[in-house]
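Chains, contacts and geometry: an overview
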Amino acid sequence: MELTVHGLTKQYKDKCAVNRVNLRLTEGINGLLGANGAGKTTLMRMLCGILKPTAGSIALDGVDVSSEDYRAVLGYLPQDFGYYPDFTGLDFLLYLAALKGLSRSHAKRKAKELLELVSLKDAGKKKIKTYSGGMKQRLGIAQALLNDPSLLIVDEPTAGLDPKERVRFRKLIAGLGQDTIVLLSTHIVSDVEKIAGHMLMMSEGKIIFDEPWDKGRIDLEQLYMKEFGGEAI
């Protein structure tokens, strides 16, 4: 499985949010680091087919991003995913499973399996409005996995979470990269340095670092501070 991106560009009047990005990603955890405003979310929205590029191409094993076949194997957790607060976690997953075309029997089985995977089995019949921020993010991962995606895109998943929930979320993501291309965007170094096998860094719409990740060879935190200033989290 391979995601290939060639010359990807998104221009907004006088601002180039993503500037001629080239990528080749395979199975495993791929970290995407960058300060807020670096272009990460714009890039990920194009990879999900939500935004149309100004120029360039995106394909998964040769299948174009605009096709139904691409979307059928895509899982996406945006920075702020929409949910219905009066739905229970289980009902929410069943509802989205129906939208994705899963049969009722398959949807029930898959929803229960995913609630257990994300440690929400006991909260599945509680309303989402009672969930903590971390629980909502774990439910977000569950909904992104309903269709057994080959490509999972996760945008700033730990923003606003306490340290304990961030660690729990990292462990959950780490277990998903066996047979899936996972792209995890964040501005928090610790979210990716322990789990990513490949690291990308983005600044002003360009990819400035794109290498297999070897923590012993490069101090990621120092590299991040050098590029973006301030203190890496």
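Heads up: the structure comes first, above all this text.
Residues numbered from 1 in each chain as written. Predicted model: local features only at pLDDT ≥ 70, side-chain atom pairs only at ≥ 80, totals over all residues. Heavy atoms only, no water.

A few points about the pattern of salt bridges
- One pass over the structure, following the stated rule, counts 10 salt bridges.
- The residue Arg170 makes a salt bridge to Asp191 at a minimum N-O spacing of 3.4 Å. A residue pair is termed long-range when its members are at least 10 positions apart, and Arg170 in helix α6 (residues 163-174) and Asp191 in the loop between β8 (181-186) and β9 (198-203) qualify at 21 residues.
- Linked by salt bridges that have partners in common, Lys110, Glu113 and Asp148 make up one network. (Salt bridge = Lys/Arg side-chain N within 4 Å of Asp/Glu carboxyl O. Helix = DSSP H or I, 4+ residues; strand = E, 2+ residues; numbered from the N terminus.)

Some remarks on the environment of Gly205
- On the secondary structure map, Gly205 appears in the loop between β9 and β10 (206-212).
- Take Gly205: its relative accessible area is 0%, and that puts it in the buried class.
- Put simply, Gly205 and Leu47 are 158 residues apart on the chain and 14 Å apart in space, counted from C-alpha to C-alpha.
- Contacts of Gly205, omitting those with residues within four sequence positions, involve Ala17, Val18, Asn19, Val21 and Ala38. (Buried < 20%, exposed > 50% of the residue type's maximum accessible area, 1.4 Å probe, protein only. Contact = heavy atoms within 4.5 Å.)

Re helix α5 (residues 133-144)
- When the terminal C-alpha atoms of α5 are compared, their 17 Å separation across 12 residues agrees well with the 16 Å that a helix rising 1.5 Å per residue should span.
- Most of α5 is tucked away: 10 of the 12 residues are buried.
- Within α5 the residues assigned to the buried category are Gly134, Met135, Gln137, Arg138, Leu139, Gly140, Ile141, Ala142, Gln143 and Ala144.
- Looking at the buried side of α5, the elements it contacts are β6 (74-77), α3 (89-99), α4 (104-117), β7 (151-155) and α6. (Expected span 1.5 Å × (residues − 1).)

Here's the deal with the packing of aromatic side chains
- According to the stated counting rule, one finds 5 aromatic pairs in the structure shown.
- Geometrically, the ring pair formed by Tyr84 and Tyr95 is edge-to-face, given 5.6 Å between the ring centres and 85° between the ring planes. With a gap of 11 residues between them, Tyr84 in the loop between β6 and α3 and Tyr95 in helix α3 connect regions that are remote in the sequence.
- Overall, the relative accessible area of 42% leaves Tyr84 in the partly exposed class.
- Members of the aromatic cluster, joined through ring pairs, are Phe81, Tyr83 and Phe92. (Phe/Tyr/Trp six-rings, centres within 6.5 Å; stacked < 30°, edge-to-face > 60°.)

Considering the sheet that holds β9
- Read from one edge of the open sheet, 6 strands run β6-β7-β8-β3-β9-β10, paired in mixed fashion. Two strands in the sheet have a free side with no partner beyond their single neighbour: β6 and β10. Neighbouring strand axes in the sheet, compared pairwise and without regard to direction, differ in orientation by 15° on average.
- Note: β9 against β10, 6 bridges, orientation antiparallel. Each bridged residue has a counterpart across the sheet, and for Met199 the counterpart in β10 is Glu211.
- Sitting on the sheet, α5 touches β6 and β7, and the angle it makes with β6 is about 165°. (Pairing = 2+ DSSP bridges. Axes fitted to C-alpha atoms, helices over the stretch in contact; angles between N-to-C directions.)

A few points about unusual backbone geometry
- One non-glycine residue, Lys13, adopts positive backbone phi at about 45°.
- Within the secondary structure, Lys13 is located in the loop between β1 (2-12) and β2 (15-26).
- Classification of Lys13 by relative accessible area gives exposed; the value is 81%.
- In this structure, Ser119 is a non-glycine residue whose phi angle is positive, near 60°.
- Relative to the helices and strands, Ser119 is located in the loop between α4 and α5.
- Overall, Ser119 belongs to the partly exposed group, its relative accessible area being 47%.

Some thoughts on the packing of α3 against α5
- For the pair α3 and α5, interaxial distance at closest approach is 10 Å and the crossing angle is 25°. Overall, the two elements α3 and α5 adopt an arrangement that is roughly parallel. The interaxial crossing formed by α3 with α5 has right-handed handedness. Residues Gly89, Phe92, Leu93 and Leu96 of α3 lie in contact with α5, whose contacting residues are Leu139, Ala142 and Gln143.
- Split by residue class, the contact of α3 with α5 holds 5 nonpolar, 2 polar and no charged. (Parallel < 35°, antiparallel > 145°, perpendicular 65-115°, else oblique. Left-handed = near helix turned anticlockwise from the far one by under 90°. Nonpolar A, V, L, I, M, F, W, Y, C, P; charged D, E, K, R; others polar.)

Side note on the side chain of Lys40
- Assignment of secondary structure puts Lys40 in helix α1 (residues 40-47).
- Classification of Lys40 by relative accessible area gives buried; the value is 4%.

A look at the pairing of β8
- Buried residues dominate β8, accounting for 6 of its 6 residues.
- Note that strand β3 (residues 28-33) and β8 share 6 bridges and pair parallel. Within the sheet, the bridge partner assigned to Gly31 lies in β8 and is Leu184.
- Across 5 bridges, β7 lies against β8 in parallel orientation. Bridged to Ile153 within β8 is Leu183.
- After leaving β7, the chain enters α6 and then returns to the sheet as β8, a path that is right-handed. (Right-handed = clockwise from strand over helix to strand, strands pointing away.)

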